[in-house]
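Chain by chain, the residues:
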Amino acid sequence: MARRALTTTTAAFATTAALLLTACGGSDDKSSDDIKGADKGSSSPSASASATTGGDGPDLGLPKDFKLVFDFDEPSDAKHSAALADAQNYIRALKHGIAQQDPDDPAYQFYSGAQATQYAKSQIEAWVKGGWTITGTDKYYDDEITTLNDGKGVLVSFCRNQAKSYSKEIKTEKILRTEENLDSYQTFRLLMVPPSGSSKVWKTGNIEVIGKAKECRR
């Protein structure tokens, strides 16, 4: 339910990343390219909901019947650690918007700019239109973090297994279960834009989601 998958070239993504870092600078610029991705459901882990904002960020609470699992290694580099933490917060915020059924939810806007803001809004709108919310367990793992050539932005990549993350009809509370298959696995790539001004938040400027990710199968 509410799933879409996308494949774009690494070169195209890198070009978009460079443009975003030049023009975005961590702001909530709504203009961007048309890269779109895939999504299904998710929930929150045991970690702090706002790891890099000192608790001053938006509400990222999720339904009790939804568990969001980030099985990531803690980076030794402070910049990478902050970027990874707010990449997780962006995912949490997107799920929060779905649970709240609010395409204009302030949570995802707090943690994103440019194309990633448009992506989150379109995902939430699809769930609202379908009359679905999230339930189950959504897993993210095998993170890789790379500093871009200009030394400013950070590319955060990881796998996802959504086999046990389900859509639930809001009116009937019927859970729409699916069997695990290749569609259950995705690769996420998030361009993280460094904080600007007084903000301490690394914002997701661009997100790419690649479906049928064989390399993510365990």
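This text gives an overview of the structure that appears in the document.

### Some details on the state of the cysteines
And then number 1: Applying the stated criterion across every chain yields a total of 1 disulfide.
And then number 2: The partner cysteine of Cys159 in its disulfide is Cys216, sulfur to sulfur 2.0 Å. On the S-S bond that ties Cys159 to Cys216, the torsion sits near -75 degrees, and the link is left-handed. With Cys159 in strand 3 (residues 154-161) and Cys216 in the segment after strand 7 (203-211), this residue pair connects regions lying 57 residues apart in the sequence.
And then number 3: Assessed through its relative accessible area of 7%, Cys159 is described here as buried.
And then number 4: For Cys216, a relative accessible area of 1% translates into the label buried.

### Thoughts on the pattern of salt bridges
And then number 1: One pass over the structure, following the stated rule, counts 9 salt bridges.
And then number 2: Here Arg160 ties to Asp138 by a salt bridge, and the two come within 2.9 Å at their closest N and O atoms. Linking Arg160 in strand 3 with Asp138 in strand 2 (residues 132-147), this pair joins segments that are 22 residues apart in sequence.
And then number 3: Take Arg160: its relative accessible area is 0%, and that puts it in the buried class.
And then number 4: Of the residues examined, Asp138 reaches a relative accessible area of 0% and is grouped as buried.

### Observations regarding the nonpolar core
And then number 1: Ranked by size, the top nonpolar core spans 38 residues in total, and within it Tyr90 and Val156 carry the most contacts.
And then number 2: It is helix 2 (residues 78-100) that contributes the most residues to this core, 9 residues altogether.
And then number 3: Those residues within four positions of Tyr90 in sequence are excluded, and the remaining contacts are Tyr111, Ser112, Ala116, Tyr119, Ala120, Leu190, Thr204 and Ile207.
And then number 4: Among the nonpolar cores identified, the runner-up in size contains 5 residues, and Tyr141, Cys159, Ala213 and Cys216 belong to it.

Reading guide: rules and limits
Residues numbered from 1 in each chain as written. Predicted model: local features only at pLDDT ≥ 70, side-chain atom pairs only at ≥ 80, totals over all residues. Heavy atoms only, no water. Disulfide = S-S within 2.5 Å. Helix = DSSP H or I, 4+ residues; strand = E, 2+ residues; numbered from the N terminus. Buried < 20%, exposed > 50% of the residue type's maximum accessible area, 1.4 Å probe, protein only. Salt bridge = Lys/Arg side-chain N within 4 Å of Asp/Glu carboxyl O. Core = buried A, V, L, I, M, F, W, Y, C linked by side-chain atoms within 4.5 Å. Contact = heavy atoms within 4.5 Å.

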